[in-house]
Structures are given as C-alpha cells and as structure tokens.
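Coordinates in review
Residue strings, one per chain:
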Amino acid sequence: MRVGFGVLGPVVAWDADTDGRAIALKGPRHRAVLARLIVARRRVVPVSRLIEDLWAEPPPGAVGAVRTFVAALRRALEPQRPPRTPARLLVTEGPGYALRADPDAVDAWRFEEDVSAAATLPPDGALPRLEEALSRWRGPAYAEFADEGWARGERSRLAELRLHAVERQAEARLALGRAAEAVPDLEAHLAEHPWREGAWRALALALYRTGRQGDALAVLRRARTLLVEQLGVDPGPELRRLETDILGQAPHLDPSATRGGAAAQVWADTTAAYDRTVASGARTRLESTAALLRDLSMTGGGGLLTARRQRVAAVAAAEELGDPELTARVIGAYDVPAIWTRLDDPQQAASIVAAAERTLAALAADFGAPDDEGPDLEPPGRGEPGRQAPGEGSSPGEGSSGHGASGHGTTGHGASGPGATGRAVPGYEGLGHEAPDHEATAHVPPGQGASRRGAFGHGAAGHAVAGHGAPERPVADHRASGREAVGREAVGREAVGREAVGRGSSAPGRDDRGAPGHRTFGRGTADGAATRHDAIRARLLATIAVESRGGRSERGRWAARQAEEIARRLDDPGLLAFALNGVFMQSFERAGLAPRRDATGAELIALAARHGLVAFEVLGHLIRLQARGALGDFAAADRHAAAAERLGERHERPLVGVFTAWYRALRLAATGRADEAAVEAAYRDAAARLDGAGMPGLERGLLPLALLCLRVERGRPAPTDADLDWGPYAPWARPLVLLAQDRHAEAAAALRAVPEPPRDLLLEALWCLTGRAAIAVGDQETIARAHAALAPAAAELAGAGSGLLTVGPVSRHLADLAEALR
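Residues numbered from 1 in each chain as written. Predicted model: local features only at pLDDT ≥ 70, side-chain atom pairs only at ≥ 80, totals over all residues. Heavy atoms only, no water.

**Thoughts on the overall build of the chain**
Inclusion rule: Each helix is a run of H or I in the DSSP string that is no shorter than four residues. Each strand is a run of E no shorter than two, and both are numbered from the N terminus. Three labels apply to residues, based on accessible area from a 1.4 Å probe with only protein chains included: buried if under 20% of the type maximum, exposed if over 50%, partly exposed otherwise in between. A contact between two residues is defined here by any heavy atoms of the two lying within 4.5 Å. In these tables, accessible area is a Shrake-Rupley quantity obtained with a 1.4 Å probe, and a residue counts as shielded only by the protein chains included in the view.
Looking only at helices and strands, the chain has 32 helices and 7 strands in total. Taken across its 822 residues, the chain has 55% of its residues classed as buried. Within the chain, contacts between residues at least 6 apart in sequence are counted, and of these 69% link residues at least 24 apart. Entry remark: accessible area of the chain is about 33600 Å², with carbon and sulfur atoms responsible for 52%.

**So, helix α15 (residues 324-332)**
As a reminder of what qualifies: Whenever a nitrogen or oxygen atom comes within 3.5 Å of another N or O atom, the pair is scored as a polar contact, on the condition that within protein one atom can donate a hydrogen and the other can accept it, and that pairs from neighbouring residues in sequence are kept only if both atoms are in side chains.
Counting buried positions along α15 yields 8 of 9 residues, so the element is predominantly enclosed. Those residues of α15 not exposed but buried are P324, E325, L326, T327, A328, V330, I331 and G332. The distance from a side-chain oxygen at the start of α15 to the backbone nitrogen of E325 is 3.1 Å, and the residue carrying that oxygen is D323.

**Quick word on a nonpolar patch on the surface**
Under the convention used in this document: Patch membership is restricted to residues that have no salt bridge and whose relative accessible area is over 30%. Joining uses 9 Å for like charges and 5 Å for the nonpolar side chains Val, Leu, Ile, Met, Phe, Trp and Tyr. We count a salt bridge whenever a side-chain nitrogen from Lys or Arg sits within 4 Å of a carboxyl oxygen from Asp or Glu.
Together, W195, L231 and V233 line one region of the surface with nonpolar side chains, adding up to about 270 Å² of accessible area. On the secondary structure map, W195 appears in the loop between α7 (179-192) and α8 (197-209). W195 sits in the partly exposed class, given a relative accessible area of 40%.

**Some thoughts on the nonpolar core**
Let me state the cut-off plainly: In this description, a nonpolar core means a group of buried Ala, Val, Leu, Ile, Met, Phe, Trp, Tyr and Cys residues linked to one another through side-chain atoms lying within 4.5 Å.
Residues W662, Y683 and L805 are the most contacted members of the largest nonpolar core, which totals 127 residues. Ignoring sequence-local partners within four residues, the contact set of Y683 consists of W662, A665, L666, A669, L703, A706, L707, L804, L805 and T806. Membership of the second largest hydrophobic core comes to 55 residues, among which are V11, F69, A76 and A118.

**A look at the pattern of salt bridges**
Tallied over the entire structure, the rule returns 53 salt bridges. Between R539 and D335 there is a salt bridge, with its nearest N and O atoms 3.3 Å apart. Note that R539 is positioned in helix α18 (residues 527-547) and D335 in the loop between α15 and α16 (346-367), a separation of 204 residues in sequence. Owing to a relative accessible area of 4%, D335 belongs among the buried residues under this scheme. Among the salt bridges present, the one from R667 reaches D638, with a minimum N-O distance of 2.9 Å.

**Focus on the packing of aromatic side chains**
To describe a pair of aromatic rings, you give the distance between the ring centres and the angle between the ring planes. Test applied: Aromatic rings from Phe, Tyr and Trp, with only the six-membered ring used for Trp, were paired whenever their centres fell within 6.5 Å, and each pair was classed as stacked if the ring planes differed by under 30 degrees, edge-to-face if by over 60, and tilted otherwise. A positively charged side chain is recorded as over a ring if its NZ (Lys) or CZ (Arg) lies within 6 Å of the ring centre. The angle to the ring normal must also be within 35 degrees.
For the structure shown, the criterion picks out 6 aromatic pairs. Seen from their ring centres, F111 and W137 are 5.4 Å apart, and the 80 degrees between their planes marks the pair as edge-to-face. Placement of the pair is F111 in helix α4 (residues 107-118) and W137 in the loop between α5 (123-135) and α6 (149-175), with a sequence separation of 26 residues. We note that F111, like W137, is buried. Across the ring face of W137, the terminal group of R162 is positioned such that the distance to the ring centre comes to 5.7 Å.

**Side note on the environment of R772**
Here R772 shows up in helix α30 (residues 763-777). When its relative accessible area of 24% is taken as the criterion, R772 is described as partly exposed. For R772 and A786, which are 14 residues apart along the polypeptide, the C-alpha to C-alpha distance reads 9.3 Å. Filtering out sequence-adjacent residues up to four positions away, R772 remains in contact with V712, L736, H813 and D816. Separated by 3.4 Å, the side chains of R772 and H813 make a polar contact.

**Observations concerning helix α20 (residues 573-585)**
Basically, it comes down to this: Multiply 1.5 Å by the residue count of a helix minus one, and that product is the helix's expected span.
In this model α20 runs 18 Å from its N-terminal to its C-terminal C-alpha over 13 residues, within 8% of the 18 Å that 1.5 Å per residue would give. Within α20, 13 of the 13 residues are buried, leaving the element largely enclosed by the surrounding structure. Between the side-chain oxygen at the start of α20 and the backbone nitrogen of G574 there is a gap of 3.1 Å, and the oxygen is on D572.

**Some words on the pairing of strand β4 (residues 90-93)**
Counted only if it meets this: For two strands to pair, DSSP has to find at least two bridges joining them.
Summarising the sheet, β4 and strand β5 (residues 96-99) pair through 4 bridges and their orientation is antiparallel. Bridging across to β5, T92 finds its partner in Y97. Connecting β4 to the next strand, β5, in antiparallel fashion are 2 residues, including G94 with a positive phi near 60 degrees.

**What to know about the packing of helix α1 (residues 28-39) against helix α3 (residues 62-77)**
Basically, it comes down to this: Axis angles are defined between N-to-C directions and span 0 to 180 degrees, where every axis is a line fitted to C-alpha atoms and, for a helix, only to the segment in contact. Note that the term roughly parallel is reserved for angles under 35 degrees, roughly antiparallel for angles over 145, roughly perpendicular for angles of 65 to 115, and oblique for everything else.
Closest axis-to-axis distance for the α1/α3 pair is 9 Å, and the angle between their directions is 80 degrees. Accordingly, the angle class assigned to the pair α1 and α3 is roughly perpendicular. Contacts between α1 and α3 pair R29, H30, V33 and L34 from the former with F69, V70, A72 and L73 from the latter.

**A look at the side chain of D344**
Mapped onto the fold, D344 is located in the loop between α15 and α16. A polar contact is formed between the side chain of D344 and the side chain of R308, at a distance of 3.1 Å. Looking at D344, its side chain comes within polar contact range of the main-chain nitrogen of G697, at 2.7 Å.

**Structural notes on the environment of A815**
Mapped onto the secondary structure, A815 falls in helix α32 (residues 810-821). Taking C-alpha positions, A815 is 9.8 Å from A794, a pair spaced 21 residues apart along the chain.

**Focus: the packing of α8 against helix α10 (residues 237-247)**
A packed helix pair is summarised by two numbers, namely the angle formed by the two axes and the spacing between the axes. To keep things clear, this is the line we draw: Crossing handedness is read from the near helix: turned anticlockwise from the far helix by less than a right angle, it gives a left-handed crossing, and turned clockwise, a right-handed one. Three residue categories are used. Nonpolar comprises Ala, Val, Leu, Ile, Met, Phe, Trp, Tyr, Cys and Pro, charged comprises Asp, Glu, Lys and Arg, and polar comprises the others, including Gly.
At a minimum axis distance of 10 Å, the contact between α8 and α10 shows a crossing angle of 15 degrees. Relative to α10, α8 is oriented roughly parallel. Crossing hand, α8 versus α10: left-handed. Every residue of α10 that contacts α8 at E197, W200, R201, A204, L205 and Y208 is listed here: E238, L239, L242 and I246. When its residues are assigned to classes, the contact of α8 with α10 shows 7 nonpolar, no polar and 3 charged.

**Brief notes about unusual backbone geometry**
In this model, E652 sits at a positive phi of 55 degrees, which is unusual for a non-glycine residue. Structurally, E652 can be placed in the loop between α23 (634-650) and α24 (656-671). If you check the backbone angles, D742 has positive phi at about 60 degrees while not being a glycine. Counting through the fold element by element, D742 comes out in the loop between α28 (730-740) and α29 (744-752).

**Some words on the side chain of E112**
Note on placement: E112 falls in helix α4. Owing to a relative accessible area of 16%, E112 belongs among the buried residues under this scheme. A polar contact is formed between the side chain of E112 and the side chain of R157, at a distance of 2.8 Å. E112 has contacts with R41, E154, R157, L158 and L161, leaving out every residue within four places of it along the chain.

**Focus: the sheet that holds strand β3 (residues 45-46)**
By definition, the strands of a sheet pair up through backbone hydrogen bonds, in either a parallel or an antiparallel sense. With respect to topology, 3 strands assemble into an open sheet ordered β3-β5-β4, the strand pairing being antiparallel. This sheet does not close on itself; its edge strands, each paired only once, are β3 and β4. Relative to β4, α3 is tilted by about 140 degrees, and along the sheet it contacts β4 and β5.

**A look at the state of the cysteines**
Stated formally: Here, two cysteine sulfur atoms that lie within 2.5 Å of each other are counted as a disulfide.
Within this structure, the stated rule accounts for 0 disulfides. Of all cysteine sulfurs, the one in C768 lies closest to C709, which takes part in no disulfide; the gap is 8.6 Å. Residue C768 is classed as buried on the basis of its relative accessible area of 1%.

**Quick look at the environment of E554**
With respect to the element layout, E554 can be found in the loop between α18 and α19 (555-570). Judged by relative accessible area, which is 33%, E554 ranks as partly exposed. With 35 residues separating them along the chain, E554 and E589 place their C-alpha atoms 9.5 Å apart. A polar contact of 2.4 Å, which involves the side chain of E554, links it to the side chain of R557.

What follows is the structure, given as structure tokens:
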C-alpha cells in the first residue's frame, strides 16, 4: 500500500490507497523515530544519532530498543511485506535507517512544494495553491516534539513558511478584488504575530478596499503604537507610504488599477460615480440595467441565464411605475440577436410578449392613436383550439431555446407575402452566386443620410441611417444536380416603391411616414414625437416577433412585417437590424424558405457592417451559414462560418463557436466523406460545447436527434438506448425507435399521435422523420401530408437549414413518399 505521513500537527500516518485510514504507530518512541527520519528528508540517520535524539541518558539496551521500534514501524507501514524480504519504505542503509517516502507522501513536503509553486504563478493561479497548502495544517508542526532539539529548527522553518503563505494568500486575494475575504484571516494572523509589518499593510489595504477607510487608518496607527512602544522602532517605509496614500485616497489603491489596467479603472470609476450620483430609485437605473443585461447576455453561460431572468424582473419593475414609454424602452433595449428557434424558457418569453402587448395598447391610448390591432391579438394562453399564445410551443416538443447569434436571443418564423420587403444585396445577379466576403460593404444604396442614433440611443456608436431594399432576385442552387432552381421560390417579397430605405426618410416640412396600407402611429402630432413613438412601437413589435417564434399565430408574422416597415421608414439602422431579426424568426411558416432567409442574412451583414452592429453582423453570417447549408452550398457556408468565428473572437462572443462546431459536424455528415463513427464523434464533440452555454432549448434532445437523423439518412434503424433523452423531439423519434424494436403496431399508434412539426429550423427534418415512419407502417394519409409539406423544399437538404444536422436531400424523401403513394 501507499502510505501518507503528516507532521503539520501531531505525527500521523495513513493508508493513501484507501479513504485515509489511520495507521497505528504504537507509542511515542515509535512516532519519535518516524518523525526524526522525516526531518532527515530521505537521508540516512545513524543509529547512534537516533539514540542521542531519543534519550537524554541512553539506557544500556538503547540499540536493541531502536531496532525494536524500527521493526514495529515496518510492520505497521508495510503489513503485506513477506517475511525476510527487504523493506521498501523504512530501509536499513549503512550505519542507520532512512525513510524513502515519495516526494508527495509527507504533508510538510507537499506544503513546501505548493508554496514554492505559488510564488511563480499569477494571483488567480497562486490563490488555490496557497489555500490548499494552508489547509494541510492541523496544528503546530511536529506538535508533540516541540521541546526536542532535533525538531526545533524544522518546526521554526515550517512555521515561518506558513506565515509567509498566509500573507501571500492575502496578497493574492487583494489582487483578485477579494479584499473582504482577506480581512478575517489577517486579523487572526496578526493577533498571534503582531510584529509582521507586511501583514499590517495587507490588512489596512484590505479594509480600505472594502470601504472601511477609518478602520484602515486605525489599523496603521495600532501598528505604529506596537512597534514604537514595544520595540522602539518606527514603522517601515511601506507602512508610512500606505498611510499617506489612504489619507489622500490615491487612485492606485483601487484594486482595478492592478487587476485590469486602464479599462478596469475606467469601469470602476464610472460605476462608482453612477452609484454616487444616480439615486437608487431613479427610473433611469432601469434603462441602464436593461442595456447592461443586453451586453451580459452576449457573454454566454451564466451571463445569458442571468440576463434572461433579470430581464423579466426589470420589465415588471418598469410596469409598476405606470410609465408606458419607460416600459417600452426597457423592453426594447434588449435587442439581443437570436439564431435558434426554440425558446429556452417559454414562460419567460410569454411574459415578455404579454408585457409588450400591454405596453403597445397603453402607448396607443396615451398618444391618442388606435391601438395595434393585428391578426390573432388574443391574450397569451387564449385563442382558438390548437393555436398557441405568443411565446409558447405549438405542440408537445415545441418548447425551448433562443440563443443569440453572438451568443443569445431566440428565434422563429417568417414574414412573407405582399407588402414584405425585399433584401437582396444589389449588384449581384443572385444570392445563389454567393458574393465574396466583402459583399456586406460593397453597396451603399441611395438615400443614406448622415449618421444618427436610433430612438433608444444605445446603438453602436456612429450608426448611420440604415439599410437597403432593392428588389430581390431569385436564388438558385448551383450545387444540387437535377434539382429545380430554388429561384422558383418567390424570394422577392414585392419591394415595389422601396428602392432604398433612405427614400422614406422624413425631411423638414414633410411627412413621409405613412407607407401605403400602414396605419401611422400618432399621425398629426409633431414629427419628433411621432417619430419617437413609431420607433418605440417598432421595437415592441420586433420583440413580439422574436419572442413568439415557433408558434402558429399570425400575430408574430404581422408584428415582424410592421416593425420592418416602420424601421425602413424611419431610416434607423439599429432598429432595422432588430426588425430583420424578427423577420428571420418569423420565416418558417412552411418548408423551403431557405432562399428567403438567405436574403435576410445578406442584408443584415451589409447593414451591420456599414453601421458597426457587430452582434447583428454575426447573426447575418450565421443565418447565411444555415441557408447556404440548406441549399447544399457548403463552400459559401464555410466562408460564413469562418467570418462569424473571426467576429466572435475579436468581439468576445463565446457562443459563436458553439454554432460553428455543430455546423462542421453537419457538414461532415452531409458530404458523406466520413464514416458514421467519425460523424457521431463530431456530433458528440459539438454537443459537449453546449454544457454550461446557457441554452437549454438548444441543448436538450439535440444530440440524440442528430444521431437519429444520421442513421436514417444512411438507411440504418434508430438508436434504441433506454437512457436517451429525446427532449422536445420525442414525439417524432418515438415511431422510429419502436420500429427499430420491431414493435410495428405501437409505432403506427405513436405515428398517429405525432403533431405537425413546429414552425422552426427543424421543420423539414421532422417532416422527413415523420414521412419515413409513415412509409414503414403504410400510413397513406400521413405519407400524403408529409409529401405536401416537403414539396416546396425539394431543392434543399432536410434539416441542414438548422446549421446543426441533416437527414439528406429532401428530393430523395419526396421520391420515396411518392413511390409509397402509388
């Protein structure tokens, strides 16, 4: 067995191969021999020296007694050693004995190693090493041998090293901004060792950094009194300088000056000034909070989860104040780009949508204008059977997730039909020709005016007036041989009369806000007030569009169209980008709309690049990654993945890598160049990146679904592991799992219970899975429904529009469905 030894306290030994079971060491002379050999640090201690150290006046049989002690220790430390075989641990060598313990077997040796290593590490690395080192102490070193001369020097050395470690630990905590944690340990430390000036300095600094300036000065005066009255010396230069600095509140005493440089100092000074000057109950604090939550959400992980939770609280707090404009600004400030179409928290999304609807109605009443009546304006939770309220899923499994392209947000359906606005990048024959990466900045449409901020004033600095809107051209799929051109899809959404966003801008003395068919909010009031109210209203409508994705209500699509129209009319780039996000989220009312989403992504890239809207530029690239993947154009999708990653790294958007990792696994599956095991490994690696990313709606059930699609695409049965968590995709997976288990009757029953897929990025994939199950059980009605639903997507790769997974070409599934109908 491996043995551990403890001397930082009473001398003990334990079995390191178990749970630390103590080893009986018999009497004090046995422990003294062991301790004396540990002090020697693996060197030989002659028997004569052991005798001198053990007895002041050695007895006549001292040599025999020492040998007896050693033999007993060997039996205790190596109980399984066969008789008459050499000892491995407590060895006989030359004139005496040595303990050949491993370097990490003695707590004192490990303590020294940790303290030494911490001296070479930065504070964030040194602190855990020091905390672990100090935790090894159980009392004074070699506690029961305090009066022994052979132990005195080692005890003093270890005690001094411990004092140094305590002070080094305090310094690390101070450097990391954890001053409050340092205070109790330093006070206890100085109570036992009041002459250590370094500790007095650290305690005074810790108190100052926790806002206790008076206590810090009192500590320094106490140190001066002790040193002068009891030792007759003045405090050293460091203590004197610290006292002067505290009295003058020297800027360098702020922890951010050492931890984060100038940027951290600016942050600390600004936030401190905000706290001092803005009253705690001031309404402006809510708006500042909303803007901060927007930025926090883009950090991913815990930041995203906290931002979503606190966002609901901020909106509720704003509503309590009874000021609709303030509430609208708090709601609209959270214009977080959204790329995924399942809500992370449907209940939270529903509450945000309900608050936005209430605020729209209140603004309309206050402004003397008709309220925003659009399709399906029922309160959340009501409406016709089978249709869901904003923010809720439409069927079992329709639940959860919205994560920003830059690391957050949510996702949905799509605006289409007459009156919707085209968004191609002018100057290219068609998006199918894939403009080069500089396409986003290649064209500046007419009507671009001077730079101005949006109504909320929190857009990127230097936002110029926004957008473009030239009629879209058809998008063709140039990769899929034999497929019909995607250009059949009417991607051009009738941009008649909208050659450029700038054309709708108001000029002094004229009111061009009322686009045909649009009911202008506040018409007849002063231009400035009307513009402000229109901008606020558009942000609320865009919020509704983003947060009601995946449902079947027309309200979300109507809200997206209205928000886009207002944004183009106001010529506001930040507002237009947010509105286009809503349009993207509402572009899933049927299959086969990848070309339309491709056009949305292209406009977002161009708009965002011109106006410094980094988060929306990332979103545009991820949208085009999805759309080009759906169209089988992986060369273009690769370029957008790389562009999104570059932006993510440069602007600290950690969640971008989650989506691009999934895309690369999808690409491996779609190209068919890797075996199933390699693709599965890529999917598992991508799924691992979701841990702690703060996107439960994306995470749950996604890996099993991807593996199921991989097997179905390659003609293999579904996985049947009992522990698979299918999450919201269980209804569509269950029939195929039952078929893989040869339970055909149950599979047919399960298929009859399968709802229509949610209107989201996995619409085509889930219809294909439904169709495969229907073919297997001979369900003609479901086969016909699946064929009709998938027909518009004949030129796409099923599921690849998600950027996550694929079930192969839709055309192949359509052919099999058509054959089954004959």
